[in-house]
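Topology and contacts: notes
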Amino acid sequence: MTILVSACILGDCCRYDGGNNYNEVVARCMEGHKVIKVCPQVLIGMPTPRKRVEFVEMFPVDSDGEDVCMDYQFAADMAVGVAREENIDLAILQSKSSMCGVNNIHDGFSEKIVEGGGLFAEGLILEGYNVMDVEDFNEEDFKVGIFKCKQVEWRKDDESMVWKEEKTDWML
C-alpha cells in the first residue's frame, strides 16, 4: 500500500517552529509499505522555522498578520500533485495544522480549536483520497486494514457535497 504521511509525523523537523510531531506508532506501522513523506511548506521551499500560520476569518494569515493564502494554496496544490503522481492509497496527516489538519484546525491565534480542515487535507479529500487524522490512527485497526477516513460525498440531486467520516476496510 502507498501511504502519504505528514513529514513531521515521521520525525522531520519541518514544523513552523523547527520541531516535529514524531509518532512512534505510526512510524512503526509504516514498515512494509511504500511511504511518501510530505511537508507542503517545505516542498515549495519555505524555511524551517517560519512564521506560524493560522486561519483568521477563513484565510491563512501569518503571525505578523500577512495574508499567505497564495503561498499556502500553491503549497497545498503541489502536495496534492505528489499524492496524485504517487497514486497513494491513504494519507495520514498532522492534526490541527492549517495545512494538514483533517478534523480540526487552530482558529486564529487564540489557541481555540474549531472544526475544519487545512488546505492540503481538504485538497486531498476533494480529490477523493482516503485521508486520516493522525489522532484517529489506531494500530490494531491499521493492522487489520480498517481506517477512519474523512471523505466527501457528492449529491447528484442538488450538486452539493457533504463531508462524511467512515471506517474504510482495506486489504493490506
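Overview of the structure. Note that this is a predicted model, so its numbers are computed, not measured.

Rules used in this analysis
Residues numbered from 1 in each chain as written. Predicted model: local features only at pLDDT ≥ 70, side-chain atom pairs only at ≥ 80, totals over all residues. Heavy atoms only, no water. Buried < 20%, exposed > 50% of the residue type's maximum accessible area, 1.4 Å probe, protein only. Helix = DSSP H or I, 4+ residues; strand = E, 2+ residues; numbered from the N terminus. Salt bridge = Lys/Arg side-chain N within 4 Å of Asp/Glu carboxyl O. Expected span 1.5 Å × (residues − 1). Arc of directions from axis to C-beta. Contact = heavy atoms within 4.5 Å. Disulfide = S-S within 2.5 Å. Pairing = 2+ DSSP bridges.

**Here we look at helix H4 (residues 119-126)**
The element H4 is largely enclosed, with a buried count of 6 among its 8 residues. Within H4, burial applies to Leu119, Phe120, Ala121, Gly123, Leu124 and Ile125.

**What about the pattern of salt bridges?**
A full pass over the atoms with the stated rule returns 10 salt bridges. A salt bridge links Arg28 to Glu139; the shortest N-O distance between them is 2.9 Å. Here Glu139 lies in helix H5 (residues 139-143) and Arg28 lies in helix H1 (residues 24-29), a separation of 111 residues in the sequence. Residue classification places Arg28 among the partly exposed residues on the basis of a relative accessible area of 36%. Ionic pairing is found between Lys34 and Glu86, a salt bridge with its closest N-O pair at 2.8 Å. Taken as a pair, Lys34 in strand E2 (residues 34-38) and Glu86 in helix H3 (residues 69-86) lie far apart in primary sequence, 52 residues in all. Members of the salt-bridge network, linked through shared partners, are Glu24, Arg28, Glu139 and Lys143.

**Overview of H3**
Taking 1.5 Å of rise per residue, the 18 residues of H3 would be expected to cover 26 Å, and the 26 Å separating its terminal C-alpha atoms lies within 8% of that figure. Looking only at H3, the buried set comprises Tyr72, Ala75, Ala76, Ala79, Val80 and Ala83. Buried residues of H3, seen end-on, are gathered within an arc of 135° and therefore sit on one face of the element. Exposed residues lying more than 90 degrees from the buried face of H3 are Met70 and Glu85. On its buried face, H3 sits against strand E1 (2-6), E2, helix H2 (40-43), strand E3 (53-56), strand E4 (59-62) and H4.

**What to know about the state of the cysteines**
In this structure the tally under the stated criterion is 0 disulfides. For the unlinked cysteine Cys13, the closest cysteine sulfur is that of Cys14, found at 7.7 Å.

**Topic: the pairing of E4**
Pairing between E3 and E4: 4 bridges, direction antiparallel. Among the inter-strand pairings, Glu54 is bridged to a residue of E4, identified as Val61. Between E3 and E4, which pair antiparallel and follow one another directly, the connecting turn spans 2 residues, one of which, Glu57, has a positive phi of 50°.

**Notes on unusual backbone geometry**
Cis geometry marks the peptide bond from Thr48 to Pro49, where omega comes out at 0°. Relative to the assigned elements, Pro49 resides in the loop between H2 and E3. A positive phi angle, near 55°, is found at Asn87, a position not held by glycine. Position of Asn87 relative to the elements: it lies in the loop between H3 and strand E5 (90-93). Located in the positive-phi region is Lys96, a residue other than glycine, with phi close to 65°. Tracing the sequence through the fold places Lys96 in the loop between E5 and strand E6 (104-107). For Lys96, a relative accessible area of 26% translates into the label partly exposed.

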